[in-house]
Amino acid sequence: MGDVISTNLDDAKREMITAHTSSVMAEFGRFYEQQYAVALFNSVRFEIEGGGSTQTQLLHRKDPLKNKSIFSGGLFQYLEESKKWRSRFLYVGDSYNISLHESKAAHDRGLHSKGVINCAGYRALTSMDEYLELLNSSLSDIKAKAGSAPFLKCPTQFPLILWHPYARHHYFCVMTEKEQKKWHAVFQDCVRHTNNGLSEECKVSTPAFTDALRLYRQSKGHHGTWDLMCGDQSQILANLVMETLHPELRNQIAPRLKGKLQQRQKDWMLITDAVYRQVLSQTRTHHEALVQVCEVERPRLDAALRTDMDQIITSKEHVSGKIRALVLPRIEQFVRSKIQPYIHSILEALMEPTSRGFAEVRDILFRELVEVSKNTMNDSSKDKLGEYMDKISMLAFHPVKMQSCYEKMETLNLEGLQQRCDVSSPSVFIQRAQILMRQQMDDAVYTFEQLLHQSLDGHSGEDLCKSIQRCQDRVLKKYDYDSSTVRKKFFREALLQIIIPYMLKQLSPSCCPDLPKFKELIFEDFSRFILVENIFEELVLLSVTKDIMMAVKEAAVQRRHNLYRDSMVLTNSDPNLHLLGDETIDWGGQFGGVKSEKRGEATNRKRKQIVSMINIDGMPLPYESCQEVPGIEGIPEENEGLDIVTESPLKTAEKKTGSPDKVNEIRHLINPVLEVVEPAEKHGLPLTNGVLALEEGDEVKRITVVTETLPPKMADEDSEMTKQTLDEQQSVSAIESAIQQIEIAIQEDPATDSDGEFAQTSSDSSPRHHDDSGFQSPANENVEEVESQPITDEKEVDAEQVVLTLVETPSFDLDTRHDDDAALGKKPEIDITGERCLL
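Rules behind the numbers
Residues numbered from 1 in each chain as written. Predicted model: local features only at pLDDT ≥ 70, side-chain atom pairs only at ≥ 80, totals over all residues. Heavy atoms only, no water. Helix = DSSP H or I, 4+ residues; strand = E, 2+ residues; numbered from the N terminus. Buried < 20%, exposed > 50% of the residue type's maximum accessible area, 1.4 Å probe, protein only. Contact = heavy atoms within 4.5 Å. Areas by Shrake-Rupley, 256 points an atom, 1.4 Å probe, with all protein chains shown as cover. Pairing = 2+ DSSP bridges. pLDDT = per-residue confidence, 0-100. Disulfide = S-S within 2.5 Å. Axes fitted to C-alpha atoms, helices over the stretch in contact; angles between N-to-C directions. Parallel < 35°, antiparallel > 145°, perpendicular 65-115°, else oblique. Left-handed = near helix turned anticlockwise from the far one by under 90°. Expected span 1.5 Å × (residues − 1). Core = buried A, V, L, I, M, F, W, Y, C linked by side-chain atoms within 4.5 Å. Salt bridge = Lys/Arg side-chain N within 4 Å of Asp/Glu carboxyl O. Phe/Tyr/Trp six-rings, centres within 6.5 Å; stacked < 30°, edge-to-face > 60°. Lys NZ or Arg CZ within 6 Å of the ring centre and 35° of its normal.

## Some remarks on the overall build of the protein
Here comes step 1: Looking only at helices and strands, one finds 22 helices and 14 strands in the protein.
Here comes step 2: By the burial criterion, 47% of the 839 residues in the protein qualify as buried.
Here comes step 3: Across the protein, every contact between residues at least 6 apart in sequence was considered, and the portion connecting residues at least 24 apart equals 81%.
Here comes step 4: When the accessible surface of the protein is summed, it comes to about 43400 Å², and 50% of that surface belongs to carbon and sulfur atoms.

Have a look at this one:
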């Protein structure tokens, strides 16, 4: 691997990469410094003038994932260094970064991870065909033929691949389709979260960065949405550099690659990853230096703004009026002919899948709350209520439960707009809508928690069920209103993201050449805060905003897709709802009783997990390779997905299963043994020969007499059972008479013991000891012919303490086998445990 990289990325190539990165960052830096001053002006102006925002009905949780982890479990990863599949334990924390560990024990001990995957810009795939298609698109000169074998062979039918256009690819596989679906949902959630964009809490740096990035790409002729605006600022800038650097390197290096098709694809991926890591390191350094320069200058700019704010606003309005008079007729004509006829069709394409996704969120919320209400009717204790609420408190962040909502949005189709409006793909809008669905679900669950917690005082039984029902109705009504508000805002923003770049692309060639002359109207002291390019874009935005607002308003008036009018106010709005506490309620700690104490013991050592872990029973981790297939019986069902793993590490250690290291344990694994306790009163009258009825193919291997000393309390309870019924006494007599007859038969045939056919056990051995060394008795058909003998043993055998050990054996004809043994002169073989045995 190192030879391929060093051969194709020599010092000259690396210097070229460094120079290209520096050039892009220098040009981007000029846009950023300009937009930073404009963003600071807008922020201070908004702070001084103020601005209203829509009042939501649902409460918002500040830090929903505090002390939580999303998911963890074991799967198999392909290691490029060793070219082998190895078991790995993956942990997904609240940052949605994927940590790779050698084993679960290594993670629990706090050892350093084998690596961390930041999923920004990745795509989660479950098909090798889809992966090969993306691989071919990234290297157009080297394409695999349809149906050709990939360079990577997955040992199972359930692969999981994280694909990135520039960074390293990651390959995983699991054993079952259920595991694949759960892991795929988790990976998609990680990608969705890291692609959510920059934090909106930064009122200056975030707008400055996004505007500078947009203006830079527009200067290069790229309008419209961009799929690779993913991750933090450094990652976005690295993608920006690679957008132009990657084709250049491909033209230089790809023709020089040697080997078979699969090997050339593999080598190109390694080279691209090395280039991306170098570029990412440089963009991070450049961006940090750029931000530091702007932050140092911010106090001086802020002081100038607050001093001359009125004059700056007046100057900007004067310049805006001059530019409007010049370009507005052209803009309005373009809107009437090219934009208005298509607004309603674009809006309808957005509304259909988005509204179905939000409706699915409401249905899931309703089902979960109804389930809580039903469980409370069966058991109205607050301990159980705390347990149920603890499960649904993190419902919004459960990727498997929310998957059906996200899938509704996946059907968004903007195929007709991708060429007309320069929309690269609908993934930007799909992921944004999915994030909004998750946010609305969490707000609804959090509001329900607060309302229910407030109404719990003094309620129990039927009153508690009524309180849950009232809280449920209130939350669903609030959700309907907020859902409408959020969707309308999303529709407006999506329409602007689709239409504005298209308008700028069409209008800029005719309008922008006239803009520089308006710079003379701006005072030099205000020139950093007033830019004619920004004024032109604001005029374009205002010209089409009115038509977009009217289209969304018409859909709300017609109540299409359950949209509400902006003027609608809930009749039972809660003015004091926002006065409730904003802390997350610890349902397990307040209402969990003993369970909460156990959870408290492990709070500092292990975070509460949202999705249930996939446990693989019967095989310890790590496996040497994926060929060592583990069992899958321990994988929880999807409806168990809300079970939160809260065991302490001590409990986890107790659950680990080791390999069998004893002879008897190995024999039990090869020949499973089933022990059954047969109470006398369960079967009514016994058979006439005293033998319990067996299923076809089952055999009685031995009877173990359990003798225990009962504690005083149990002895008092069992004193009432000392009087046996007549049927029970007959059953005991029949069983022991059969045992006595067998002992007599053994004493009459001493040659059997001398041949070693039986495995004798000492009379003082443990009554629970299992000995599988003896051969199984082929039949017990002669038991009926044995005459009843008196019981000579002084001990009485309790029928309830007779343990039958049943062994499932391959099906064969017992009579035929008995006849074959008789022809060979063999006697029936008997396994003896303790002092008694049974044919």
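There's more to say after this.
## Let's talk about the pairing of strand E7 (residues 158–163)
Here comes step 1: Across the 6 residues of E7, 6 count as buried, placing the element largely inside the fold.
Here comes step 2: Neither face of E7 is open: one carries Phe 158, Leu 160 and Leu 162, the other Pro 159, Ile 161 and Trp 163, and all of them are buried.
Here comes step 3: One ladder, built from 3 bridges, connects strand E6 (residues 123–125) with E7; its direction is antiparallel. Opposite Leu 125, over in E7, you have Ile 161 as the bridge partner.
Here comes step 4: Joining the antiparallel neighbours E7 and strand E8 (residues 170–174) is a turn of 6 residues.

## Side note on the confidence of the model for the protein
A low pLDDT means the predicted coordinates there should not be read in detail.
Here comes step 1: Per-residue confidence for the protein averages 76 on the pLDDT scale, and 64% of its residues sit at or above 70.
Here comes step 2: Within the protein, no element has a lower average pLDDT than strand E14 (residues 836–837), which sits at 39, and none a higher one than E7, at 96.
Here comes step 3: Under a pLDDT of 50 for its full length, residues 676–725 has, in the predicted model, 90 contacts with residues more than four places off or in other chains.
Here comes step 4: Contacts from residues 820–839, a stretch scored under 50 in pLDDT, to residues over four places away or in other chains number 51 contacts.

## Some remarks on the state of the cysteines
Here comes step 1: Enumeration over the complete set of coordinates arrives at 0 disulfides.
Here comes step 2: This cysteine, Cys 154, is not joined by any disulfide, and Cys 173 carries the nearest cysteine sulfur, 4.3 Å off.

## Regarding the packing of helix H2 (residues 11–49) against helix H6 (residues 205–219)
Here comes step 1: Where H2 contacts H6, the two axes come as close as 8 Å, and the packing angle between them is 130°. With respect to their mutual orientation, H2 and H6 come out oblique. For the crossing formed where H2 meets H6, the hand is right-handed. Here Val 24, Glu 27, Phe 28, Phe 31, Tyr 32, Gln 35, Tyr 36 and Ala 39 of H2 come into contact with H6, specifically with Ser 205, Pro 207, Ala 208, Phe 209, Asp 211, Ala 212, Leu 213, Leu 215, Tyr 216 and Ser 219.

## Structural notes on the side chain of Gln 472
Here comes step 1: As for its position among the elements, Gln 472 is in helix H13 (residues 462–511).
Here comes step 2: The exposure class of Gln 472 is buried, given its relative accessible area of 2%.
Here comes step 3: Excluding residues that lie within four positions of it along the chain, Gln 472 makes contacts with Phe 366, Leu 369, Val 370 and Phe 448.

## Some words on helix H12 (residues 427–455)
Here comes step 1: The terminal C-alpha atoms of H12 lie 42 Å apart, and with 29 residues this matches the ideal 42 Å at 1.5 Å per residue to within 8%.
Here comes step 2: With 22 of 29 residues buried, H12 lies mostly within the body of the structure.

## Details of the nonpolar core
Here comes step 1: Core analysis: the biggest nonpolar cluster contains 161 residues, and Ile 98 and Met 503 have the highest contact counts within it.
Here comes step 2: A per-element tally of this core places helix H8 (residues 261–378) first, with 32 residues.
Here comes step 3: Excluding its chain neighbours within four sequence positions, the residues that come into contact with Met 503 are Ile 331, Phe 334, Val 335, Ile 339, Ser 508, Val 540, Ser 543 and Val 544.

## Observations regarding the sheet that holds strand E4 (residues 98–101)
Here comes step 1: Pairing is antiparallel across the open sheet formed by 7 strands, whose spatial order is E5-E4-E3-E2-E8-E7-E6. Two strands lie at the open edges of the sheet, namely strand E5 (115–117) and E6, each paired on one side alone. Strand-to-strand twist in this sheet, taken as the mean axis angle between neighbours without regard to direction, amounts to 35°.
Here comes step 2: Two strands pair when backbone bridges link them, and strand E3 (residues 84–92) and E4 are joined in this way by 4 bridges, in the antiparallel orientation. Looking at the pairing, Leu 90 lines up with Leu 100 of E4.

## Considerations on the packing of H8 against H12
Here comes step 1: One way to put it is that H8 packs onto H12 with a least axis distance of 10 Å and a crossing angle of 30°. On the basis of the axis angle, H8 is roughly parallel to H12. As H8 runs across H12, the sense of the crossing is right-handed. Contact residues: Thr 354, Gly 357, Phe 358, Val 361, Ile 364, Leu 365 and Leu 369 in H8; Ala 433, Leu 436, Met 437, Gln 440, Met 441, Ala 444, Val 445 and Phe 448 in H12.

## Some thoughts on unusual backbone geometry
The bulk of non-glycine residues show a negative phi, and the bulk of peptide bonds are trans.
Here comes step 1: With a phi angle near 55°, Lys 83 is a residue other than glycine that sits in the positive phi range.
Here comes step 2: According to the relative accessible area criterion, Lys 83 is exposed, its value standing at 52%.
Here comes step 3: Within the chain, Asn 562 stands out as a residue other than glycine whose phi angle is a positive 60°.
Here comes step 4: Among the secondary structure elements, Asn 562 is positioned in the loop between helix H14 (532–557) and helix H15 (587–591).
Here comes step 5: Judged by its relative accessible area of 34%, Asn 562 is partly exposed.

## Some remarks on the pattern of salt bridges
Here comes step 1: Counting across every chain of the model gives 26 salt bridges.
Here comes step 2: Residue Glu 102 pairs with Arg 88 through a salt bridge whose shortest N-O separation is 3.6 Å. Highlighted residues: Glu 102 in the loop between E4 and helix H3 (104–108) and Arg 88 in strand E3, separated in sequence by 14 residues.
Here comes step 3: Since its relative accessible area comes to 33%, Glu 102 is described here as partly exposed.
Here comes step 4: A salt bridge links Arg 528 to Glu 297, with the nearest nitrogen and oxygen atoms 2.5 Å apart. In this pair, Arg 528 is assigned in the loop between H13 and H14 and Glu 297 in helix H8, connecting sequence segments 231 residues apart.

## Thoughts on the packing of aromatic side chains
Here comes step 1: Counting across every chain of the model gives 14 aromatic pairs.
Here comes step 2: Seen in terms of ring centroids, Tyr 166 and Tyr 276 are 6.3 Å apart; in terms of plane orientation they differ by 25°. Their pairing is stacked. Highlighted residues: Tyr 166 in the loop between E7 and E8 and Tyr 276 in helix H8, separated in sequence by 110 residues. For the pair shown, Tyr 166 and Tyr 276 are each scored as buried.
Here comes step 3: Considering the side-chain rings of Phe 334 and Tyr 502, the 5.8 Å spacing of their centres and the 40° angle between planes classify their relative orientation as tilted. Of this pair, Phe 334 sits in helix H8 while Tyr 502 sits in helix H13; the two residues are 168 residues apart in sequence, bridging distant segments of the chain. Comparing Phe 334 with Tyr 502, the two get one shared label, buried.
Here comes step 4: The aromatic ring of Tyr 406 is capped on one face by Arg 192, whose charged end is 3.9 Å from the ring centroid.

## With respect to the pairing of E8
Here comes step 1: Among the 5 residues in E8, 5 count as buried, and that is most of the element.
Here comes step 2: Judged by which residues are buried, E8 turns out to be covered on both faces: His 170, Phe 172 and Val 174 on one side and Tyr 171 and Cys 173 on the other are all buried.
Here comes step 3: Relative to E8, strand E2 (residues 71–79) runs antiparallel, the two sharing 2 bridges. Across the sheet, the residue bridging to Phe 76 is Cys 173, located in E8.
Here comes step 4: The pairing of E7 with E8 spans 5 bridges and is antiparallel. What sits directly across from Leu 162, in E8, is His 170.

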